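# Examining the three-dimensional arrangement
Residues per chain, in single letters:
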Amino acid sequence: PPPWVVRTPSTHEQGGNCVVDAMAEDPNKKIDDVSVCDPKLEGTNWGTKYVTYSVSVNANTDSKIFAKGVRRRYKDFLWLRTSLAKTFPGLMIPPIPGKRIFKDEKFDEERQLGLKRFLCMLLRYSYFEESEPLKAFLTKDGFEDEKKRVEKQLDSRSCNDVLTDYGVICTRALSRELPKDSLEQILILQDFLNDSKKQLQEMLSSSNHIRSSLEDISTHFKAVCSALETRQKLEDGLLGKVAPEENIDMLKGLNSLATNAAESPILWDKHFIDTIGTEVIYIDAVKETITHWIHQNKELKRCTEKLKKYSDKTKTKEHVKMEADMKKERQQREFVVSLTRIMMYHNLPLLFQINTTRFKRSLERFIKKQSRFSEEDKSTLQALAENFQSRGLPTVSELRFVSDGNAD
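Residues numbered from 1 in each chain as written. Predicted model: local features only at pLDDT ≥ 70, side-chain atom pairs only at ≥ 80, totals over all residues. Heavy atoms only, no water.

## Concerning the pattern of salt bridges
- Counted by the stated rule, this structure contains 15 salt bridges.
- A salt bridge links aspartate 38 to lysine 40, with the nearest nitrogen and oxygen atoms 4.0 Å apart.
- On the accessibility criterion, aspartate 38 (37% relative accessible area) is partly exposed.
- Since its relative accessible area comes to 43%, lysine 40 is described here as partly exposed.
- Here lysine 308 makes a salt bridge to glutamate 305, at a shortest N to O gap of 3.1 Å.
- In this structure lysine 308 comes out as exposed when scored by relative accessible area, which is 57%. (Salt bridge = Lys/Arg side-chain N within 4 Å of Asp/Glu carboxyl O. Buried < 20%, exposed > 50% of the residue type's maximum accessible area, 1.4 Å probe, protein only.)

This is the structure we're talking about:
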């Protein structure tokens, strides 16, 4: 991370992960079961087709959040995230998978997993868990009416309302000293995130090619093993006896190599490709908050410029309008200052100290597993080499047709 990203003091350390703020996830809160499953193709009266998922949430006994078999489509998850972004402007909202580009079974599986992760992340934070959008989303009946109610609330939500809420849930972040040159620092961060995303996307592209190559290798490896087994059966039939033990060991060794080869693409998916993809969408989530922060700074600048038209000679009849504009400018300035503190002392540490740690650990597990496979393959190959060196072809007297008097 950039050197100016401050590590917030924590009262709880768990496995090296820093709980970056009072707003951060509660380490003692566990979600017993969150599921997004059972995709079903449904349609409207106009013939439009879409997929719905069964959403179930069983939380701790001290939680008021619960849902079982609530049917939701991707558009509803998108509505939930958008509504949370309006409820908590400037906070990093957990990302969700992107929209479908083309039909792909693997994409459907990854989308389900991504939507489940999204809900799991929300339920780890009390301010998301207790939010009106999430409650509406998990409503069994009357979801459309609940959506309208929440949207009406959000339309009437002011900066003061947001600041009041942040005063409760972001106490530690808002109590920190405002960073110097925060605008320059966040713009530097924006460039850093853009470059990081570009590099991660290149890694993702190359990793997908590697996975495809490994899948091809695995397929051909299985074909080799199958051909050798068939050849051994033919030889057994020719000799009229069971294959020697060293031949059986050789086939077992090759099948062991084939099994490891088959697991390699899975490892790349689970520990590498999936991890990089998750990192990319989290970078996008932080970039969203930066975009919002820049927009609010521009709005503050407009408010400040508007005040310049007033002077000491402003007429009495304009005083009321001037005071209203001054009040608006003060509120906007306070809002921007709060967003800056949240950006520096919550969003950035959350990205660098939690997500990057997860990224690093996942890669470490991947390398460790691959190393184990490499050692196993090395031992197997050494045994196979010794086997090939000691193995001889069957003698003429061992062939079945010799005993039948057909020596010629």
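## A word on the sheet that holds strand S5 (residues 66-73)
- Sheet architecture is open: three strands sit in the order S3-S4-S5, paired in antiparallel fashion. With partners counted over all chains shown, the strands left at the sheet margins are strand S3 (33-43) and S5, one partner each. For this sheet, the mean angle separating the axes of adjacent strands, direction not counted, is 20 degrees.
- Relative to strand S4 (residues 49-58), S3 is paired through nine bridges, and the arrangement is antiparallel. When the bridges of S4 are listed, leucine 41 appears paired with valine 51. (Pairing = 2+ DSSP bridges. Helix = DSSP H or I, 4+ residues; strand = E, 2+ residues; numbered from the N terminus. Axes fitted to C-alpha atoms, helices over the stretch in contact; angles between N-to-C directions.)

## Focus: the environment of tyrosine 310
- Along the polypeptide, tyrosine 310 turns up in the loop between helix H9 (245-307) and helix H10 (319-390).
- As a C-alpha pair, tyrosine 310 and methionine 322 span 12 residues in sequence and 7.2 Å in three-dimensional space.
- With residues up to four places along the chain from it excluded, the contact list for tyrosine 310 reads Glu318, Lys321, Met322 and Asp325. (Contact = heavy atoms within 4.5 Å.)

## Re the packing of aromatic side chains
- Enumeration over the complete set of coordinates arrives at eight aromatic pairs.
- Measuring from ring centre to ring centre gives 5.5 Å for phenylalanine 88 and phenylalanine 128, while their planes differ by 80 degrees; the resulting arrangement is edge-to-face. Of this pair, phenylalanine 88 sits in the loop between helix H1 (74-87) and helix H2 (105-123) while phenylalanine 128 is found in helix H3 (residues 126-129), placing the two residues 40 residues apart along the sequence. Like phenylalanine 128, phenylalanine 88 is buried.
- For the pair tyrosine 125 and phenylalanine 128, a centre-to-centre distance of 6.0 Å together with 70 degrees between the ring planes defines the contact as edge-to-face.
- Given the relative accessible area of 3%, tyrosine 125 is considered buried.
- Following the ring pairs from residue to residue traces out a cluster consisting of Phe77, Trp79, Phe137 and Phe143.
- Looking at arginine 73, its charged tip hangs above the ring of tyrosine 50, at a distance of 3.8 Å from the centre.
- The ring of tyrosine 345 has arginine 176 lying over it, and the distance from NZ or CZ to the ring centre is 4.5 Å. (Phe/Tyr/Trp six-rings, centres within 6.5 Å; stacked < 30°, edge-to-face > 60°. Lys NZ or Arg CZ within 6 Å of the ring centre and 35° of its normal.)

## Side note on the packing of helix H8 (residues 182-239) against H9
- For the pair H8 and H9, the least separation of the axes is 7 Å and the interaxial angle reads 165 degrees. In terms of orientation, H8 and H9 fall into the roughly antiparallel class. Judged by the twist between their axes, the crossing of H8 over H9 is left-handed.
- Of the residues assigned to the contact of H8 with H9, the class counts are 30 nonpolar, 12 polar and 10 charged. (Parallel < 35°, antiparallel > 145°, perpendicular 65-115°, else oblique. Left-handed = near helix turned anticlockwise from the far one by under 90°. Nonpolar A, V, L, I, M, F, W, Y, C, P; charged D, E, K, R; others polar.)

## Focus: the packing of H1 against helix H5 (residues 143-155)
- Remark: H1 packs on H5, axes separated minimally by 11 Å, with the N-to-C direction vectors making an angle of 25 degrees. As the angle between them shows, H1 and H5 are arranged roughly parallel. Crossing of H1 over H5 shows left-handed handedness. Of the residues in H5, those touching H1 at Asp76, Trp79, Ser83, Lys86 and Thr87 are Phe143, Lys147, Val150, Glu151 and Leu154.

## A few points about H1
- In this model, H1 (14 residues) spans 20 Å end to end at C-alpha, consistent with the 20 Å of a helix rising 1.5 Å per residue.
- Burial in H1 covers these residues: Tyr74, Asp76, Phe77, Trp79, Leu80, Arg81, Ser83, Leu84 and Thr87. (Expected span 1.5 Å × (residues − 1).)

## Side note on the nonpolar core
- With 71 residues, the main nonpolar core has Leu80, Leu119 and Phe137 as its most contacted residues.
- Here phenylalanine 137 is in contact with Val55, Val70, Arg72, Asp76, Phe77, Leu80, Leu119 and Phe143, once residues within four sequence places are set aside. (Core = buried A, V, L, I, M, F, W, Y, C linked by side-chain atoms within 4.5 Å.)

## A look at the environment of tryptophan 268
- Assignment of secondary structure puts tryptophan 268 in helix H9.
- We classify tryptophan 268 as buried; its relative accessible area is 12%.
- Sequence separation between tryptophan 268 and leucine 363 is 95 residues; the distance between their C-alpha atoms is 9.8 Å.
- Discounting chain neighbours no more than four positions away, the residues touching tryptophan 268 are Ser207, Ile210, Leu214, Ile273, Asp274, Phe366 and Gln370.

## Here we look at a positive patch on the surface
- Residues Lys270, Lys360, Arg361 and Arg365 make up a contiguous surface patch of positive charge.
- Considering every element that reaches the positive patch, the biggest residue donor is H10, with three residues.
- Inspection of the secondary structure assignment puts arginine 365 in helix H10.
- Looking at arginine 365, the relative accessible area reads 46%, which means it is partly exposed. (Patch = residues over 30% accessible without salt bridge, like charges linked within 9 Å, V, L, I, M, F, W, Y side chains within 5 Å. Areas by Shrake-Rupley, 256 points an atom, 1.4 Å probe, with all protein chains shown as cover. Lys, Arg positive; Asp, Glu negative; His and termini not counted. Charge placed at Lys NZ, Arg CZ, Asp CG, Glu CD.)

## Overview of the environment of phenylalanine 88
- Residue phenylalanine 88 is classed as buried on the basis of its relative accessible area, which comes to 6%.
- Between the alpha carbons of phenylalanine 88 and leucine 163 there is a distance of 9.7 Å; along the sequence they are 75 residues apart.
- Every residue in contact with phenylalanine 88, bar those within four places of it in the chain, is listed here: Ile93, Tyr127, Phe128, Ser131, Tyr166 and Ile169.

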